[in-house]
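Observations on chain architecture
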Amino acid sequence: MGANSSSISELPDNEYLKKLSGGEPISENDPFWNQLLSFSFTTPTNSADLKLLEEATISVCKSLVEKNPRTGNLGSLIKVFLSRTKELKISAECQNHLFIWQAHNALFIICCLLKVFISRMSEEELQLHFTYEDKTPGSYGTECEDLIEELLCCLIQLIVEIPLFCLFPWSWSCQLFRISLGCFLCLCSLPYTSRLVKTLLYNFIRQERSPPPGTHVFQQQTDGGGLLYGIASGVATGLWTVFTLGGVGSKATPQLEQCSPLANQSLLLLLVLANLTDAPDTPNPYRQAIMSFKNTQDSSAFSSSHPHVFQINFNSLYTALCEQQKSDQATLLLYMLLHQNGNVRTYVLARTDIENLVLPILEILYHVEERNSHHVYMALIILLILTEDDGFNRSIHEVILKNITWYAERVLTEISLGSLLILVVIRTIQYNMTRTRDKYLHTNCLAALANMSAQFRSLHQYAAQRIISLFSLLSKKHNKVLEQATQSLRGSLDSNDSPLPDYAQDLNVIEEVIRMMLEIINSCLTNSLHHNPNLVYALLYKRDLFEQFRTHPSFQDIMQNIDLVISFFSSRLEHAGAELSVERVLEIIKQGAVALPKDRLRKFPELKFKYVEEEQPEEFFIPYVWSLVYNAAVALYWNPRDIQLFTMDSG
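The rules behind these values
- Residues numbered from 1 in each chain as written.
- Predicted model: local features only at pLDDT ≥ 70, side-chain atom pairs only at ≥ 80, totals over all residues.
- Heavy atoms only, no water.
- Helix = DSSP H or I, 4+ residues; strand = E, 2+ residues; numbered from the N terminus.
- Buried < 20%, exposed > 50% of the residue type's maximum accessible area, 1.4 Å probe, protein only.
- Contact = heavy atoms within 4.5 Å.
- Areas by Shrake-Rupley, 256 points an atom, 1.4 Å probe, with all protein chains shown as cover.
- Axes fitted to C-alpha atoms, helices over the stretch in contact; angles between N-to-C directions.
- Parallel < 35°, antiparallel > 145°, perpendicular 65-115°, else oblique.
- Nonpolar A, V, L, I, M, F, W, Y, C, P; charged D, E, K, R; others polar.
- pLDDT = per-residue confidence, 0-100.
- Left-handed = near helix turned anticlockwise from the far one by under 90°.
- Phe/Tyr/Trp six-rings, centres within 6.5 Å; stacked < 30°, edge-to-face > 60°.
- Lys NZ or Arg CZ within 6 Å of the ring centre and 35° of its normal.
- Salt bridge = Lys/Arg side-chain N within 4 Å of Asp/Glu carboxyl O.
- Polar contact = N/O pair within 3.5 Å; in protein donor to acceptor, adjacent residues only side chain to side chain.
- Expected span 1.5 Å × (residues − 1).
- Disulfide = S-S within 2.5 Å.

A closer look at the overall build of the protein
From N to C terminus, the protein includes 27 helices and 6 strands. The 651 residues of the protein split such that 54% are buried. Here the contacts in the protein between residues at least 6 apart in sequence split such that 75% fall between residues at least 24 apart. With the model as given, the accessible surface of the protein reaches about 29,100 Å², and the carbon-plus-sulfur share is 49%.

Focus on the packing of helix α14 (residues 314-323) against helix α16 (residues 342-350)
Between α14 and α16, the shortest axis-to-axis distance is 11 Å and the interhelical angle comes to 75 degrees. Our classification of the angle between α14 and α16 gives roughly perpendicular. Residues F314, N315 and Y318 of α14 touch α16, and the partners they reach there are N343, V344, Y347 and V348. Split by residue class, the contact of α14 with α16 holds 5 nonpolar, 2 polar and no charged.

Notes on unusual backbone geometry
Its identity as a non-glycine residue notwithstanding, Q207 has a phi of 50 degrees, on the positive side. Here Q207 is to be found in the loop between α10 (192-206) and α11 (226-244). With a phi angle near 45 degrees, S458 is a residue other than glycine that sits in the positive phi range. Within the element layout of this structure, S458 appears in the loop between α21 (439-453) and α22 (461-494). The exposure class assigned to S458 is exposed, which follows from its relative accessible area of 53%.

Details of the confidence of the model for the protein
Looking at the protein as a whole, its pLDDT mean stands at 78, while 74% of the residues score no less than 70. Every residue in residues 633-651 is under pLDDT 50, and counting partners more than four places away or in other chains gives 49 contacts.

Considering the packing of helix α20 (residues 417-434) against α21
Any two packed helices are characterised by how steeply their axes cross, that is the angle between the axes, and by the distance between the axes. Where α20 contacts α21, the axes come no closer than 10 Å and their chain directions differ by 155 degrees. On the basis of the axis angle, α20 is roughly antiparallel to α21. In terms of crossing hand, the pair formed by α20 and α21 is left-handed. Counted together, L421, I422, V425, I426, T428, I429, N432 and M433 of α20 and L441, H442, C445, L446, L449 and M452 of α21 form the full contact between these two elements.

Structural notes on the environment of S299
Mapping S299 onto the fold places it in the loop between β3 (294-295) and β4 (311-312). You can call S299 exposed: its relative accessible area is 75%. Between the C-alpha atoms of S299 and Q311, which are 12 residues apart in sequence, the distance is 9.8 Å.

Remarks on the packing of aromatic side chains
Enumeration over the complete set of coordinates arrives at 14 aromatic pairs. Here the aromatic cluster, defined as three or more aromatic residues joined through ring pairs, consists of F293, F310, F314, Y318 and Y347. Sitting above the plane of the Y366 ring, R427 keeps its charged end 4.0 Å from the centroid.

Quick word on the pattern of salt bridges
Scanning the entire structure with this criterion turns up 12 salt bridges. Between K402 and E414 there is a salt bridge, and its shortest N-O distance comes to 2.4 Å. With K402 in strand β5 (residues 400-402) and E414 in strand β6 (residues 414-416), this residue pair connects regions lying 12 residues apart in the sequence. The exposure class of K402 is exposed, given its relative accessible area of 54%. Assessed through its relative accessible area of 43%, E414 is described here as partly exposed. Its salt-bridge partner being D563, residue R550 comes within 3.1 Å of it at the nearest N-O pair. Here the residue R550 occupies a position in the loop between α24 (533-541) and α25 (556-576), and D563 occupies one in helix α25, the gap between them amounting to 13 residues.

Side note on the environment of N275
Note on placement: N275 falls in the loop between α12 (261-274) and α13 (285-292). Counting along the chain gives 12 residues from N275 to R287, while the straight-line C-alpha distance between them is 6.9 Å.

What to know about the side chain of Q102
Looking at where Q102 falls in the secondary structure, it is placed in helix α6 (residues 97-120). In terms of polar contacts, Q102 uses its side chain to reach the side chain of S38, at 3.5 Å. In this structure, Q102 is in contact with N34, L37, S38 and R84, ignoring residues within four places of it in sequence.

What about helix α15 (residues 328-340)?
For α15, with 13 residues, the first-to-last C-alpha span of 18 Å sits near the 18 Å given by 1.5 Å per residue. The buried count for α15 comes to 11 of 13 residues, which makes it a mostly enclosed element. For α15, the full list of buried residues reads D328, Q329, A330, T331, L332, L333, L334, Y335, M336, L337 and L338.

With respect to the state of the cysteines
Evaluated as defined, the whole model comprises 0 disulfides. Free cysteine: C61, not disulfide-bonded; nearest cysteine sulfur from C112 at 7.7 Å. Among the residues examined, C61 registers a relative accessible area of 5% and is labelled buried.

Describing the environment of F204
By the secondary structure assignment, F204 is in helix α10. Sequence separation between F204 and S266 is 62 residues, and the spatial gap between their C-alpha atoms is 6.6 Å. Residues contacting F204, with those up to four places away along its chain left out, are A263, L267, L317, A320, L321, Q324, A330 and L333.

This is how it looks when you write it as structure tokens:
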């Protein structure tokens, strides 16, 4: 590296890198930095090139790790980068590429060095490398923290103020967070908090693609591109490859294939910032900004109680959320917005094209075998939040879908969104019963069905069949557990040595689920019997299933309405004669639904379940956030062991 072009093979013997990693301190004002940073270097575009780069520079990095606490050259390099970035906007206006070029090169070197530093030392050791001063061994002052804070402030300002500079490396941010978690929260007094969140959200919305492989960082201007060209070409194109450290031009993973590196990294950084723990006296300002931002069409005045409020185009945000649900991080963002931002939730529930959002969520649940459990769980919670709204529960039965190709169990040429939602949730319950057996998944699935049950309308015949089939499966499981308990009890009379399995607990769990299913069926019959002839048909077809529960003490009360409906319609069918066609049976059911006195059906409390984050498993949410950062690091060719994840109580 230096004034000439550099290749990977030349790096181990590069005189400038040797001086940087040597034993002599270099002041940030030394002309050496102009020489070091005046190089042309092809940034790695795949994992193989990145590995070659690491191997070629390992001796330099080891030397710097050893000598930097005495020389402070890393701190000097960071100060040089800070001084170059202060001139970026002026340089772009003057079409002076020197500072842009050197800022690009400085950041590239810093990222490569920090990657090695993080993997080789403890947090305290890392802090020593951010400053140099004459001091007793093992102690350090506040200059380290000041330098980190200044660096973060500079990067945030550049992200907000310079277009496309926001390729701020989330992978680097993970490293800096190890020693500067408090800094991000201490910066809440700056005006950049809400502007940073807004910028990151717009990066996600725009989904801008990366420059094609081989794009030159600084091309000769022949068309008088001016300021925009200077910024976009000089800063964005060059730093794009620096920030992804090999992501540009490389083969994308299936999860990241459809999204841009800029959008993906911006979203990851946003999720990390939003989930930092609160400072002792200050709520997390980034979370506050996410909770309170408004639509650009909202003309109401900003409340003084929400200092981090800003406005964003909700239509564009909604479109991006609908299109990007194949990625875990986009689903997590959707969850956060629906759960924490009332403005977004109200807007989403008022959309007349809600199927554009719901269908991708249903696909996640449908392909449960191919998705990680966290992604499935988050998608289910989103459905639970949506089903808390009666307007949503009504509207989904008015949306008619045609030819759902990804649903393989049966050809669905025409079905309502509500019926499809029921089918997918029931399929998830059945998968959970045979595979994962997660009680939280069961609970949330049944809660979503219960919330919708009073608003069931014109259920598809297959959806009605699946509701009764699920009850049949539960009934068989109940009988099996009951038989096992009986046999175990008999066996215990012959031997007092072996402990009895806890069948009572298993029986109690299955009976709770059965009661919930009976309540869901009862809620539909009580509130919308005349709208659901297919459910009554399925109920009559499988009437024998319910016999054993009529006198059961746990179900006697809820069985009254179901028993009444079965008896009423069975009687009308008997009077109609034998050998009835399906069409004739449905016609009799529709006529009977009008004739059945509503006051004969006992009223039960309305089924309503609200999502409460505190009631979910403690180990779920925070590890999920950090796992997204970790997995994305792997996708962009970072070594997994280099990503030091931290807890919410860190720093």
